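# Topology and contacts: notes
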Amino acid sequence: MAAASASPDEVDEPGMETEAQKLQLNCGDTGESNSAAAGKPLEMDQLQEDSAISQASVSNGGDSETEKDLVELKIIWNKNKYDVKFPLDSTGADLKEKIHSLTGLPPTMQKVMFKGLLPEEKTLREIKVTNGAKIMVVGSTINDVLAVNTPKEAAQQEVKSEENKKEPLCRQKQHRKVLDKGKPEDVMPSVKGVQERLPTVPLSGMYNKTGGKVRLTFKLEQDQLWIGTKERTEKIPMGSIKNVVSEPIEGHEDYHMMAFQLGPTEASYYWVYWVPTQYVDAIKDTVLGKWQYF
């Protein structure tokens, strides 16, 4: 008996089911793959954003710490102004090096003022420098100093030579008549054997050559010496003072007589009597500049 032939609708072609299944599997795999791929960029973006925030936080923290240790200064020299941020824990000597880089003034030729002459060995924090502080600088470049220094040195040598030939100044008649008046009652106290910086107040209670009272005020920010009497105050640029001479007063060696040479000869000496000995070197350094002794 012949076998019944299968209907075309009931017969599956070889491989059809397999292809369909493959198609379904492929579609499923693709969907999962796409989903995973979509997730990865989101994950990476989030990581990058977190990293950026973390780095910014660290960076800002470091900057904050640095800012705390810096102070903003206004350095003024020869009508020039420099805005500078400088470490609070740096010394006055470090600041002079910074000023050197800004102005070309060697540190030994700088007079730096902040509430008086800036101490080189102390830090800005120790002398209580705050933001916005003004630092006044007085000084001349090497070329300017060399141009002025030679006449001053010559004048000093001439004065020393003459002094060696003469009797002590305090014995000379012109000075004796002032010294014989005795020590002024209101003269500032003296400290023998000690060198001190200039006080923040004027030096007062002294006599001039006429026996009148005189006071000396050192205006460092203006580079001027003010010589004040009852009648008037003379404002003298320190750069115009050719020399400063002094001598201890016999019998009162803790006080000096001192002269400021305001012109080319000894006739221009302005004499001051009863200067406390502890301030003599500071006066010479301030008026002539420390480089005079190097």
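Everything numeric in this text was worked out from a predicted model, so none of it was measured. (Residues numbered from 1 in each chain as written. Predicted model: local features only at pLDDT ≥ 70, side-chain atom pairs only at ≥ 80, totals over all residues. Heavy atoms only, no water.)

For the chain, the count of helices and strands is five helices and eleven strands. Within the chain, residue pairs in contact and separated by at least 24 positions form 53% of the contacts whose partners lie at least 6 positions apart. As presented, the chain carries roughly 18500 Å² of accessible surface, and 51% of it is formed by carbon and sulfur atoms. (Helix = DSSP H or I, 4+ residues; strand = E, 2+ residues; numbered from the N terminus. Contact = heavy atoms within 4.5 Å. Areas by Shrake-Rupley, 256 points an atom, 1.4 Å probe, with all protein chains shown as cover.)

As a further point, take the pattern of salt bridges. Scanning the entire structure with this criterion turns up nine salt bridges. With a shortest N-O distance of 3.4 Å, aspartate 223 and lysine 111 are connected by a salt bridge. Of this pair, aspartate 223 sits in the loop between strand 6 (213-219) and strand 7 (224-228) while lysine 111 is found in strand 3 (residues 111-113), placing the two residues 112 residues apart along the sequence. Residue lysine 111 is classed as buried on the basis of its relative accessible area, which comes to 10%. With a closest N to O distance of 2.8 Å, arginine 171 and glutamate 250 form a salt bridge. A residue pair is termed long-range when its members are at least 10 positions apart, and arginine 171 in the loop between helix 3 (142-165) and helix 4 (173-179) and glutamate 250 in the loop between strand 9 (243-249) and strand 10 (252-261) qualify at 79 residues. (Salt bridge = Lys/Arg side-chain N within 4 Å of Asp/Glu carboxyl O. Buried < 20%, exposed > 50% of the residue type's maximum accessible area, 1.4 Å probe, protein only.)

A separate point is helix 5 (residues 280-288). Helix 5 sits mainly inside the fold: seven of its nine residues count as buried. Inspection of helix 5 places Val280, Ala282, Ile283, Lys284, Thr286, Val287 and Leu288 among the buried residues, and these make up the whole buried set. Note on helix 5: the residue one or two positions beyond its end, glycine 289, has a positive phi of about 90 degrees.

Detailed reading of the predicted model is not advised wherever pLDDT is low. Here the chain averages 78 in pLDDT, and 66% of its residues register 70 or above. Summarising per-element confidence for the chain, the mean pLDDT is lowest in helix 1 (residues 16-68) (49) and highest in strand 11 (residues 269-276) (96). Taken as a whole, residues 1-16 scores under 50 in pLDDT and shows one contact with residues more than four places along the chain or in a different chain. Note on residues 30-40: pLDDT under 50 across the span, and zero contacts to partners over four residues away in sequence or across chains. (pLDDT = per-residue confidence, 0-100.)

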